[in-house]
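# Residue-level structural notes
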Amino acid sequence: MLDMIIIGSGPAGLSAAVYAKRAGLDSIVIEKEFVSGGQVLLTYEVDNYLGLPGMNGFDLGTKFREHADGAGASFVMDEVSAIEACKDENGKPFYRVQGGADTYEARTIVAATGTVHRNLGIPGEDTFAGKGVSYCATCDGAFFKGKEVAVVGGGDVAVEDAIYLARLCSKVTLIHRRDRLRAAKSLQDRLFAMENVEVVWNANVTEVQGDKKVENIIIQSNSGASIAYPVDGLFIAVGITPVSKCFEGLVEMDDAGYIIAGEDCATSAPGVYVAGDLRTKKLRQIVTAVSDGAVAVSMAGNYIESL
Ligand code: NAP
């Protein structure tokens, strides 16, 4: 019987892992991917993490993992499918976590599975995924060196992607469904200063066309007019969706599937805490995820003592 199972090893999970070790909690981190770090690994540059300006996202994610390893955290590679609330022979509550490879038991859970990118759901998107349609500029940008690409979205990720791609590609067209970007002002300033970036406002991409690879996208303005726009690649950055399926039935979630918890990270299930992007919150950033990891472990420590 462990004290704690941390599920997910992005910034929230890794922060929780470090705090759990420091608190002397008998804990493991379950991660389904080969590498830890989560979404931060896909970010070209993180410029808002205190003390580390201009840090490459992959390097930052790797440092986080090294820190957890150095603290003595134990990692298990497995994919959690379900979690069951149980009681031991003394009536003390615990959780049984069902993985693909094994079953794990602990008094507390820290849910830190984060989010994944959202799809546009338009014709041609699936057909041309990996053939010109991409969800990761830092992973695939190099394939489009000297070419013309489009980015869809208006948030931090879309603007970061457009800036990154503008350094590699001959032209970047950012297409946004409104007349104002959601991204941080500092990112917008950098974007608008780039000479090879064009912004198409008040428009959606409604189809991806091509033969063996992407050749055109259909851009439809909010007034209804459509054009076929030639591009070599389309980068889709239209937001995120929570990875919360394995917590269904265990804790309360909002309509979008985020686990409901306040700043104490406590969910509706006693002993289950949620940290990072998966939690209902106003600001999803690396720094708030790292903070959640620390808070969740502190709260879980108090809960274990109360048992
Ligand atoms: P986001 O902030 O939710 O932005 C998604 C963008 O896509 C919005 O501009 C939205 O338009 C647009 N969009 C959504 N659905 C669409 C559709 N069907 N068709 C066309 N456009 C659509 O998502 P994100 O940029 O992926 O960022 C996710 C979270 O991570 C955010 O909280 C962000 O702040 C955070 N983040 C933090 C950092 C950092 O800490 N350095 C870096 C990157 C991201 P509307 O604006 O009209 O809604």
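In short, a report on the structure.

Glancing now at the overall build of the protein chain. The helix and strand tally for the protein chain stands at 6 helices and 19 strands. Its C-alpha radius of gyration of 21 Å places the protein chain within 12% of the 19 Å reference for a compact globule of 307 residues. Overall, the C-alpha framework of the protein chain stretches about 70 × 40 × 30 Å when taken along its three principal axes. Per-residue burial over the protein chain gives 48% buried out of 307 residues. Taking contacts inside the protein chain between residues at least 6 apart in sequence as the whole, the part at least 24 apart equals 56%. Surface summary for the protein chain: the accessible area is close to 14900 Å², and the carbon and sulfur share equals 50%. Where the 28 positive side-chain charges of the protein chain centre and where its 40 negative ones centre are 3 Å apart.

This next bit is on the site of the ligand. Asp156, Arg177, Arg178, Arg182 and Gln285 are the nearest of the 21 residues found near the ligand. The separation between an oxygen atom of the ligand and a polar main-chain atom of glycine 154 is 3.0 Å. Side-chain polar atom of arginine 182 to an oxygen atom of the ligand: 2.6 Å apart, as the coordinates give it. Protein contact buries 81% of the 920 Å² of open area that the ligand shows by itself. When grouped by side-chain class, the residues that make up the shell around the ligand number 6 nonpolar, 8 polar and 7 charged.

Moving on, we come to the pairing of strand β1 (residues 2-7). Among the 6 residues in β1, 6 count as buried, and that is most of the element. Examined bridge by bridge, β1 and strand β8 (residues 103-111) share 5 bridges and lie parallel to one another. For isoleucine 7, the partnering residue across the bridge sits in β8 and is alanine 111. Examined bridge by bridge, β1 and strand β2 (residues 27-31) share 4 bridges and lie parallel to one another. Note on β2: the bridge partner recorded for isoleucine 6 is valine 29. Where the polypeptide runs from β1 across helix α1 (residues 11-22) and back to β2, its parallel neighbour, the crossover connection is right-handed.

This part is about the packing of α1 against helix α2 (residues 57-71). Where α1 meets α2, the axes come as close as 9 Å, and the angle between the chain directions of the two elements is 20°. In this view, α1 runs roughly parallel relative to α2, as classed from their interaxial angle. Regarding α1 and α2, the two cross each other, and that crossing is left-handed. Every residue of α2 that contacts α1 at Pro11, Leu14, Ala17, Val18 and Lys21 is listed here: Gly61, Phe64, Arg65, His67, Ala68 and Ala71. When grouped by side-chain class, the residues that make up the contact of α1 with α2 number 7 nonpolar, 2 polar and 2 charged.

Right, let's get into the state of the cysteines. Two cysteines, two sulfur atoms, one covalent bond between them: this is a disulfide. Under the criterion given, the structure shown has 1 disulfide. Lacking any disulfide linkage, cysteine 246 is separated from the closest cysteine sulfur, that of cysteine 86, by 15 Å. Looking at cysteine 246, the relative accessible area reads 11%, which means it is buried. This cysteine, cysteine 265, is not joined by any disulfide, and cysteine 246 carries the nearest cysteine sulfur, 17 Å off.

On to the side chain of aspartate 88, then. Within the fold, aspartate 88 resides in the loop between β6 (80-87) and β7 (93-99). Given the relative accessible area of 14%, aspartate 88 is considered buried. Within the structure, the side chain of aspartate 88 is placed 2.9 Å from the side chain of arginine 107, a separation counted as a polar contact. With near-sequence residues (within four places) excluded, aspartate 88 lies in contact with Phe94 and Arg107.

Conventions adopted
- Residue numbering note: each chain is counted from 1, following its sequence as written.
- Confidence filtering applies because this is a predicted model: local features only for residues at pLDDT of at least 70, side-chain atom pairs given and counted only at 80 or more, and all residues used for totals across whole chains, interfaces and linings.
- Excluded from the side-chain calculation are hydrogens and water; included are all heavy atoms of the structure.
- Labels follow the DSSP assignment, with helices taken as runs of H or I lasting at least four residues and strands as runs of E lasting at least two, numbered in each case from the N terminus.
- Throughout, the radius of gyration refers to the C-alpha atoms, and the reference size of a globule is 2.2 Å times the residue count to the power 0.38.
- Relative accessibility thresholds used throughout: buried, under 20% of the residue-type maximum; exposed, over 50%; partly exposed, between the two (1.4 Å probe, protein chains only).
- Contacts are assigned to residue pairs that have any heavy atoms within 4.5 Å of one another.
- Residue burial considers only the protein chains on display, and all accessible areas are found by Shrake-Rupley using a 1.4 Å probe.
- Positive charges are assigned to Lys and Arg, negative charges to Asp and Glu, while His and the chain termini are left out of the count.
- The atom standing in for a charge is NZ when the residue is Lys, CZ when it is Arg, CG when it is Asp and CD when it is Glu.
- Any residue with a heavy atom lying within 4 Å of a molecule or strand is counted as near it.
- Residues adjacent in sequence count toward polar contacts only when both atoms are side-chain atoms; beyond that, a polar contact is any pair of N or O atoms within 3.5 Å, and within protein one must be able to donate a hydrogen and the other to accept it.
- Polarity classes work like this: nonpolar for Ala, Val, Leu, Ile, Met, Phe, Trp, Tyr, Cys and Pro, charged for Asp, Glu, Lys and Arg, and polar for all others, with Gly in that last group.
- Two strands qualify as a pair provided DSSP detects at least 2 bridges between them.
- With the strands pointing away from the viewer, any crossover whose connection runs clockwise from the first strand over the helix to the second is right-handed.
- As a rule, the C-alpha atoms of each element are fitted with a line to give its axis, helices using only the stretch in contact, and angles between N-to-C directions run from 0 to 180 degrees.
- Each angle gets one of four labels, with under 35 degrees taken as roughly parallel, over 145 as roughly antiparallel, 65 to 115 as roughly perpendicular, and the rest as oblique.
- Rotating anticlockwise by less than a right angle from the far helix to the near helix defines a left-handed crossing, while the corresponding clockwise rotation defines a right-handed one.
- When two cysteine sulfur atoms lie within 2.5 Å, the pair is treated as a disulfide.

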